[in-house]
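A closer look at the structure
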Amino acid sequence: MSVTTTVSLVGVGGQGILLAAAILAETAFAEGLDVKASEVKGMAQRGGSVLSTVRFGEHVWSPVARYADVVIATELLEGHRGLGLLAPQGTLVCATTTRIVPGSVLRREEEYPDDLPGAAAARGARLIAVDAEALAREAGTLRAVNVALLGAASVVLPFAAASWQRGLAAAVPAKILEVNERAFALGRGAVSNEEVGP
Amino acid sequence: MERTLFFSGNEAIAHGAVRAGAAFACGYPGTPSTEILQTAARLDGIHAEWCVNEKVALETAVGASLAGVRSIVTMKHVGLNVAADPFMTLSLTGVNAGLVIVSADDPGMHSSQNEQDSRAYAKFAKVPMLEPSDSQEAYDFVAEAFALSEEFDTPVLLRSTTRLSHGRGQVIPRVPVVLGPRDYARDIGKYVMVPHYARMRNRLVLERLQKLRARAEESPLNVLEAGTADVGIIAAGVAYAYAREAFPKAWFLKLGMSHPLPYRKVARLFRQVSRVAVVEELDPFIEEQVRALGLPVVGKEAIPADGELDQDIVFRALEPFLSRRPPRRRRPVFPPVPRLADPPPAPGLPVRPPVLCPGCTHRAVFTALRTHRLAPMGDIGCYTLGALPPLLALDSCLCMGASIGMMAGFNQALGRKAAAAVIGDSTFFHSGVTPLIDAHYNAADGLVIVLDNRTTAMTGLQGHPGTGLRADGSRGPAVDIQKLCEGIGVRCHTVDASDYGVLEAAVKAEVDAPGLGVVVALAPCVLMVPEKAGEIVIDDERCNLCGLCLDVGCPALARGEDSVSIAGSCTGCGLCTEVCRRGALSFAGATGAGTAGEGAP
């Protein structure tokens, strides 16, 4: 079991979760690993929660896993939800400045959670908080939040920079490749070694 | 009531339905089922109509059941294939007033293209099934089926075969069932089968099956009949009659309710005798379940698996087996009650259900429709999301194309325009045309709104015959929905759904008009329209946070501290400006006092 690594990507429909998952899968392929992935995307364009799982290793059997070693969340509330998917001592990489408020909160029926560091600590998870919106804006488009965040997450994933380059080139359409490469690099540079820790 | 009648099974079912208080019957003709509806059409107290096909018939009957009227729908075995889509999900929603589906099998294929065994559908859909063995039972079991349907909140299958439907026998009439009123009450969690609600209903279905099995164990429909020979026979339907005549001294487990199978009654028969056979036409439906209990039984190695049986075939088939040395006695092993999956953890975080996109014009249709007192029957597509808070604009979602038939049945049952149908353009082409033809043919009242957003939006903007866009990207001829409706003979208006005033007026006109009408609410899917229609601004002074605009359920509108706020995802569709009564929301550049004149000639 332990030789297979599971990464779950969570966010809101329309945020590019599926593209980020495709880049990750292509990168693992570039490392010569076996990859299995699965996604629930029927509601992807209607603003619902989206979950995509990518698993890689020597040989991967199942396309799904109850718990992930790393959860990448492109939105703060989904980051909170993603904590529930995280294995003990897992890492949550979250775009903490991105808030997409659901209808029930807009109508004041439910409260948007606001203490992700506390919730992560309570679960014993390591949190890497990223201002992915600022990075994406700097790269040239707000739509690149997903890839900027993936760049940040790349610091805790066991792949060489060259493999990430190949993964990006394989998964991202040519006309938006450059801006996404910039976003990825900015994300990768934004996470300091102290945050990654031992 | 003392008069004895001589009825075919089909006549008996029709009379039994009226006696059970059923007031709505429909179906599609098919041998050997046809005479059920033909008989019902001659009887007082029940409305009978031929439908355009079995799927539409079932959906129409579901509408009548929802309206509070006991309903029966008839078809031959292959017709249930056509009706399988609503049938399978109807098991999840259950019913309001009782609903009985008669499927008449044709062993031997006297007049059919195949010999399929309808009983598989009872197992498939996890619904109870009754199998009468003669005309009296056909008459009596209909009332039993309606009672089960309402008690267990499920459709009930009544299986006939050629020899029951077209055989004749004595029927002693019974005292009519007296029914109290069953009002319709909107229940979105029960009738709108979006994934979230369907998951909850599915658990109830699995629990219901266990309760039904407990009922089958104690039901007088399943009788253990004592014999004098050391032989037991399990049989249902007309096969029971054959076996009874062939082996008059045998013990019998006579199954009137053959699904779910009463395992313990089966085991009780095995305690009485040392040899047991299952006599059934077509598939080893009962036999396989008995074998799964670990009980040795004679079945399809002796009884033919194809064609009809009769007492001679049954006698010759079983006689050599029953004279052999009895098999060693075994203890039955009852299957465990299946466990259900762990429910998902509730982390106490706000849910994020999918929502209609900002600027989606379906929202305008729902806003216009919900000002009227019509039960809106929904269908499958993005617009099903209109059933969720805050819009709460749809009462049902059963299967593709079900909205129009359900509307027609609902209105026919109540004799007035009490329900409307809301269906997308792609869904209309999928299976909305046939029920529209049906509603017109049967003179059903109703209002059908076709949400024509020029694409199959939910699944990612695929083409359909209304747009002519093909899978390979090429363009074919486009079918005009309005011309299609008019060709059928149905009144139809196409309106611009992005013009709220026009849309609202068209909906109101159709609500007030007599008979059946269609409004095509036309506006391209907002996902295909990249540019913003305009900039909405808010006047903080005028906004009093009344929430009218929030009720349209647009994700771009939020309740702020002192006034409503508008997010960057706003497309400028302007629906919120239409529903605001204080002029607090308006297009930038226009003034709240309505003096904007730019653009006028």
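Residues numbered from 1 in each chain as written. Chains lettered and ligands numbered in written order. Predicted model: local features only at pLDDT ≥ 70, side-chain atom pairs only at ≥ 80, totals over all residues. Heavy atoms only, no water.

Some points on the overall build of chain B
Inclusion rule: The numbering of helices and of strands both runs from the N terminus, where a helix is a DSSP run of H or I of at least 4 residues and a strand a run of E of at least 2. A 1.4 Å probe rolled over the protein chains alone gives each residue an accessible area, and that area as a share of the maximum for its type sets the label: buried under 20%, exposed over 50%, partly exposed in between. Between two residues, a contact is recorded if the distance between any of their heavy atoms is within 4.5 Å. Where accessible areas are quoted, they stem from the Shrake-Rupley method and a 1.4 Å probe; at the residue level, only the protein chains shown are allowed to cover.
Assigned secondary structure in chain B consists of 21 helices and 22 strands. Its C-alpha atoms give chain B principal-axis dimensions of roughly 100 × 55 × 50 Å. When each of the 601 residues of chain B is scored for burial, the buried share is 59%. Taking as baseline every contact in chain B between residues at least 6 positions apart, the subset at least 24 positions apart corresponds to 75%. By element, 54% of the accessible surface of chain B is carried by carbon and sulfur atoms, the whole surface being about 24,500 Å².

Re the sheet that holds strand β7 (residues 156-161) of chain B
Strand pairing in a sheet is mediated by backbone hydrogen bonds. Such pairs are either parallel or antiparallel. All names here are of chain B. The test is simple: For two strands to be treated as a pair, DSSP must find at least two bridges joining them.
In spatial order, the strands read β3-β2-β4-β5-β7-β6-β12; together these seven strands make up an open sheet with mixed pairing. For this open sheet the edge positions go to β3 (47-50) and β12 (257-259), each flanked by a neighbour on one side alone. When strand β4 (residues 71-76) meets strand β5 (residues 99-105), the two strands line up parallel, connected through six bridges. Looking at the pairing, Val 73 lines up with Ile 101 of β5.

As for the packing of helix α6 (residues 145-153) of chain A against helix α8 (residues 177-190) of chain A
All names here are of chain A. What counts, and what does not: Interaxial angle, 0 to 180 degrees, is taken between N-to-C directions of lines fitted to C-alpha atoms, where a helix line uses only the stretch in contact. Comment on the angle field: the value is read as roughly parallel under 35 degrees, roughly antiparallel over 145, roughly perpendicular from 65 to 115, and oblique elsewhere. Each crossing gets its hand from how the near helix is turned against the far one by less than a right angle, where anticlockwise is left-handed and clockwise is right-handed. Throughout, the ten residues Ala, Val, Leu, Ile, Met, Phe, Trp, Tyr, Cys and Pro are labelled nonpolar, Asp, Glu, Lys and Arg are labelled charged, and all others, Gly among them, are labelled polar.
Orientation of α6 relative to α8, taken along the N-to-C sense of each, is 40°, at an axis distance of 6 Å. In terms of orientation, α6 lies oblique with respect to α8. Between α6 and α8 the crossing geometry is right-handed. Of the residues in α8, those touching α6 at Val 147, Ala 148, Leu 150, Gly 151 and Ala 152 are Asn 180, Ala 183, Phe 184, Gly 187 and Arg 188. Considering only residue class, the contact of α6 with α8 consists of six nonpolar, three polar and one charged.

A word on the interface of chain B and chain A
Let me state the cut-off plainly: Two parts lose some accessible area (1.4 Å probe) when they are put together, and adding that loss for both gives the buried area. Salt bridges are defined as contacts in which a side-chain nitrogen from Lys or Arg sits within 4 Å of a carboxyl oxygen from Asp or Glu. By the criterion applied in these results, polar contacts are pairs of N or O atoms within 3.5 Å in which, for protein atoms, one can donate a hydrogen and the other can accept it, and in which residues neighboring in sequence qualify only through two side-chain atoms.
If you look at the interface, chain B gives 25 residues, while chain A gives 26 residues. For the pairing of chain B and chain A, the buried interface totals around 2,000 Å² over both sides, and the portion due to carbon and sulfur atoms is 57%. Per-residue buried area on chain B facing chain A is highest for B:Leu349, B:Pro350 and B:Arg352; these three make up 40% of the total on that side. Across the chain B-chain A interface, the total number found is three salt bridges. Between A:Glu78 and B:Arg352 there is a salt bridge, with its nearest N and O atoms 2.4 Å apart. Applying the counting rule to chain B against chain A returns eight residue pairs in polar contact (both at pLDDT 80 or more). Of the residues forming the side of chain B that touches chain A, the biggest block, three residues, is contributed by strand β20 (residues 557-559) of chain B.

Here we look at the domain arrangement of chain B
Where we set the bar: Each domain's extent was defined by an automatic or database domain assignment.
Partitioning chain B into domains gives domain 1 (5-211), domain 2 (222-322), domain 3 (362-528) and domain 4 (536-587). On a C-alpha basis, the centres of domain 2 of chain B and domain 3 of chain B stand 51 Å from each other.

Some thoughts on the pattern of salt bridges
Using the criterion set out here, one finds 34 salt bridges over all chains in the structure. Here A:Glu75 makes a salt bridge to B:Arg352, at a shortest N to O gap of 2.8 Å. Residue A:Glu75 is located in the loop between β4 (68-73) and α2 (76-83), and its partner B:Arg352 is located in the loop between α14 (311-322) and α15 (362-369); the two belong to separate chains. For the pair A:Glu75 and B:Arg352, one class covers both residues: buried.

Observations concerning the pairing of strand β17 (residues 491-496) of chain B
All names here are of chain B. To keep things clear, this is the line we draw: Clockwise travel from the first strand over the helix to the second, with the strands pointing away from the viewer, marks a crossover as right-handed.
Bridge analysis of β17 against strand β18 (residues 516-522) gives six bridges, and the strand direction is parallel. By the bridge assignment, Thr 494 is partnered in β18 with Val 520. Viewed along the sheet, the connection from β17 through helix α20 (residues 500-512) into β18 turns out right-handed.

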